[in-house]
Amino acid sequence: MDRHLLSGNEAIARGAYEAGVKVCSAYPGTPSTEVFEELPKYKDSLYCEWAPNEKVATEVAYGASIAGVRSLCAMKHVGVNVAADPIFTAAYNGVGGGFVIVSADDPSMHSSQNEQDNRYYARSAKIPMIEPADSQECLDFIKAAYDISEKFDVPVLYRTTTRVAHSKSLVTFGERTEHEAAPYVRNTRKYIAAPANAYMNHPMLEKTLEDLAAYGCTSPLNKVEMNGTKIGVITASIAYYYAKDAFPEDTSFLKLGLTYPLPMDLIRDFASKVEKLYVIEELEGFMEDQIKAAGIDCIGKELTGKLYELNPQLIRERVFGDKAPTVDVGVKAVSRPPALCPGCPHRGFFYTMSRHKDFVVAGDIGCYTLGGSAPLNALDSVVCMGGGFTVAMGMAKAFEMSGVTGKKVFGVLGDSTFFHSGMTGAAEIIYNKGNVIPVVLDNSITGMTGHQDNPGSGYNLQGDIAESLKIEDILKAYGYKNVIIVDPQDLAAMEKAVQDAVNSEVPAAIITRRPCLLIKRIKHDIGKCSVDTDKCIGCKRCLGVGCPAVIVENKKARIDRDQCVGCTVCAQVCPMGAITREEK
Amino acid sequence: MTKSKSALLVGVGGQGAILTAKVLVNGLMKAGYDVKMSEVHGMSQRGGSVSTQVHWGEKVNSPVIGKGAADIIVAFEKMEAVRYADYLKPDGVVVINDYEMASSSIAAGLAQYPEGCLEAMESHFRCHVLKAEEIAHSLGSAKCMNIVLFGSMVKALHMEDVVDWETVIAETVPEKFRELNLKAYRAGYDAVER
């Protein structure tokens, strides 16, 4: 049989295809993004899209489910916070076609602002949760997820972590089975979430959870591996493989795939067969707490801890005190934090912000979060998607109420984030007369997650040309009478734009517009800058732009030719005119 | 305990470690091994330190390893070798590209590039050091540096009998770079002693 090396995300996409899924909607977010980057491969059989945000994606997928087809939505862990509203009510209503919500958590926060454990969403929303441990399970279990969703009339939370989503392992494919939708019939009792209906739905949902707990005791998703009676381990997701490596060979395992509701009778039975019971799970003691509450004695978080990712060596060390010998070579590596790329259009904007000590800048989630790093240090806060505008609003109101003057507040977010949840903030600032200048850093793409299209980019996920929404038209329609569009790479123009906005007598907003250099379909004007060492006085002003290509060696500036793309931002700050862009 | 082997490929975003891992994995798959590979995407890609783990054997459990567990480290940059040294088993093997890339803080003059990276590694581990960047340049393009390093890795780990690596490389890299990468593989293989 053909084996394919697939990431968990690619395998989820394949599994959804094989399950006969027809409508798919998502907003990109590491580590979930590649599920939907993979789906267009199957576009002859299914519809897939990037939605403006996770709530929209969830609602679109749920609408498709109501209409009777199998549907999928996917997001990173914090995306579920945005999508929580429809998820909780979809649980009460139930589904038409199978409805699966992929949540990709990020233990150790490789690419995230927090380490929330989304398993609690399943418990809180009262929906079943399935956790695959490798790519083959990512494919197989999602097919089971659709069957469970339909059999129990409930949405399914499909939870992965970074290591499940991004690790690659061998997968054998199956065939697609078409899922035929029953003819659509209006069912207001089921789908209108009015109080009277919800009142009736809640006890039905409680009964569903009881049925699911019973089902979990015989489901093939949960499997017992008896290898001995001394030690038993209850585990799920990637922690299963870590534990397999870390525990002795005669350890028995109860490996759970359906992790909410927990199959407590199966767990009790397993516990009774072993002398010592461990629960091995990453992040919180989600399973352990419930197992203990059921009166079953077990050991877990007191040894493994609830912070960050685990791995086999950490489990060996924490559970058995068995630390692998390591070598300290005695030389310490300097940290290599991520930085805005050479030629990044955001650099000119943040450099301009960094020149004004009276500016307060609320930032947002994206490549531009890096504007807060040294040497630019141009951000006061970063909270969540869309928070750039609205956190700025709160800060401005606080300054007003406490009589703080002499500060100018900016709210900053990117083009994709503007469509995600920035538009409501832009409305808030106008409606409630905020003393805030909203800035949209428009690089024509969703950058940090790896270049996904958005409502402003002119293309959709299927690769077709799409309506390109104009941010300036939206802002003008909201009442920003002075919308300033500027090329952020032109520092003089950027400074003028900021001053124009600060001094504007009508509500002003700024759009910095220059496409990300990594967009492949655009022809970029790439060049090289170089330093005239006779003119360079070693003042290091050029280092202030925080470009990885600008280096100071032997008290003179040097441009790394391999990295430089000729954006000239460093040249514009040089007081001696020592840096120039080479003629072609 | 499993008898699987694990390799850690470390470098700086954009150096081509992921393609190297892909060649390795394609060959191991062809040879019939169970293979798992782990990499992290997103924020860490932007000029940051990157690592890709490849784990293979008859049956592999965890795609990731912790400290003191790697059989080999292939370092695309010498400071990265030092950064990940504690992931190596004390009897592990290292292939190091004698190549230096400043971090942003070093470029800005706020930190010093550490002295003695190679010497420190050589005094503790069995090391194979080569100037892969220069070799790649001499072959026509710095872009094939990753396959130069791969050639050295195959020799250092005695992996030439696993599979016909030249066929695997030819099948993995884009056609127009095939000849270049085959030359790079051979040059890397010849560049280190065993």
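Relevant structure appears above.
Please read all numbers here as calculations on a predicted model, not as lab measurements. (Residues numbered from 1 in each chain as written. Chains lettered and ligands numbered in written order. Predicted model: local features only at pLDDT ≥ 70, side-chain atom pairs only at ≥ 80, totals over all residues. Heavy atoms only, no water.)

## Notes on the overall build of chain A
No. 1: Within chain A, the secondary structure is distributed over 20 helices and 23 strands.
No. 2: Here the C-alpha radius of gyration of chain A, 27 Å, is about what a compact globule of 584 residues would show, namely 25 Å.
No. 3: Principal axes of the C-alpha set define a box for chain A whose edges measure 80 × 65 × 55 Å.
No. 4: Taken across its 584 residues, chain A has 59% of its residues classed as buried.
No. 5: Expressed as a percentage of contacts within chain A between residues at least 6 apart in sequence, the contacts between residues at least 24 apart total 75%. (Helix = DSSP H or I, 4+ residues; strand = E, 2+ residues; numbered from the N terminus. Rg over C-alpha atoms; globule rule 2.2 N^0.38 Å. Buried < 20%, exposed > 50% of the residue type's maximum accessible area, 1.4 Å probe, protein only. Contact = heavy atoms within 4.5 Å.)

## Let's talk about the overall build of chain B
No. 1: Along the backbone of chain B there are eight helices and six strands.
No. 2: Going residue by residue from the N terminus, the α and β elements of chain B occur as β-α-β-β-β-α-β-α-α-β-α-α-α-α.
No. 3: Computed over C-alpha atoms, the radius of gyration of chain B comes to 16 Å, within 12% of the 16 Å expected from 2.2 N^0.38 for 194 residues, which places it in the range of a compact globule.
No. 4: Viewed in the frame of its principal axes, chain B has a C-alpha envelope of about 50 × 45 × 35 Å.
No. 5: Buried positions account for 60% of the 194 residues belonging to chain B.
No. 6: Of the contacts formed within chain B by residues at least 6 apart in sequence, a portion of 65% connects residues at least 24 apart.
No. 7: Of note, chain B has its 20 positive side-chain charges centred 5 Å away from the centre of its 24 negative side-chain charges. (Lys, Arg positive; Asp, Glu negative; His and termini not counted. Charge placed at Lys NZ, Arg CZ, Asp CG, Glu CD.)

## Examining the nonpolar core
Residue and element names in this part refer to chain A.
No. 1: With 103 residues, the main nonpolar core has Phe36, Leu72, Phe247 and Ile291 as its most contacted residues.
No. 2: Top contributing element to this core by residue count: helix H6 (residues 135–152), with nine residues.
No. 3: Setting aside its immediate chain neighbours within four residues, Ile291 contacts Ile234, Leu262, Met264, Ile267, Val279, Ile296 and Cys298.
No. 4: Formed by 72 residues, the second largest nonpolar core is a distinct cluster that contains Ala396, Ile429, Val439 and Cys529. (Core = buried A, V, L, I, M, F, W, Y, C linked by side-chain atoms within 4.5 Å.)

## Side note on the sheet that holds strand S7 (residues 156–161) of chain A
Residues and elements named next belong to chain A.
No. 1: Read across the open sheet, the seven strands follow the order S3-S2-S4-S5-S7-S6-S12; overall the sheet is mixed. A single partner strand is all that each edge strand has here, and the edge strands are strand S3 (47–50) and strand S12 (258–260).
No. 2: Relative to strand S4 (residues 71–76), strand S2 (residues 23–26) runs parallel, the two sharing four bridges. Of the residues in S4, the one forming a bridge with Val23 is Ser71.
No. 3: Lying over the sheet, helix H4 (residues 77–93) contacts S4 and strand S5 (99–105), oriented at roughly 145° with respect to S4. (Pairing = 2+ DSSP bridges. Axes fitted to C-alpha atoms, helices over the stretch in contact; angles between N-to-C directions.)

## Quick word on the side chain of Ser354 of chain A
All names here are of chain A.
No. 1: Along the chain, the position of Ser354 falls in helix H15 (residues 346–354).
No. 2: Within polar-contact distance, the side chain of Ser354 engages the backbone oxygen of Tyr351 at 2.6 Å.
No. 3: Setting aside its immediate chain neighbours within four residues, Ser354 contacts Leu376 and Ala378. (Polar contact = N/O pair within 3.5 Å; in protein donor to acceptor, adjacent residues only side chain to side chain.)

## Quick look at the interface of chain A and chain B
No. 1: Counting residues at the interface gives 50 residues for chain A and 60 residues for chain B.
No. 2: Of the roughly 4500 Å² buried between chain A and chain B on both sides combined, carbon and sulfur atoms contribute 61%.
No. 3: At the boundary of chain A and chain B, one finds two salt bridges.
No. 4: With a closest N to O distance of 3.3 Å, Glu77 of chain B and Arg336 of chain A form a salt bridge.
No. 5: Of all the elements in the fold, those that place two or more residues in the side of chain A that touches chain B are strand S1 (4–7), helix H7 (162–166), strand S8 (168–171), helix H10 (239–246), helix H14 (312–320) and strand S21 (550–553) of chain A.
No. 6: Ranked by residues supplied to the side of chain A that touches chain B, first place goes to H10 of chain A with four residues.
No. 7: Residue composition of the side of chain A that touches chain B, by class: 25 nonpolar, 13 polar and twelve charged.
No. 8: Of the pairings in the sheet, the one linking S8 of chain A to strand S2 (residues 34–38) of chain B comprises two bridges and is antiparallel in character. Bridging across to S2 of chain B, Lys168 of chain A finds its partner in Met37 of chain B. (Buried area = accessible area lost by both parts, 1.4 Å probe. Salt bridge = Lys/Arg side-chain N within 4 Å of Asp/Glu carboxyl O. Nonpolar A, V, L, I, M, F, W, Y, C, P; charged D, E, K, R; others polar.)

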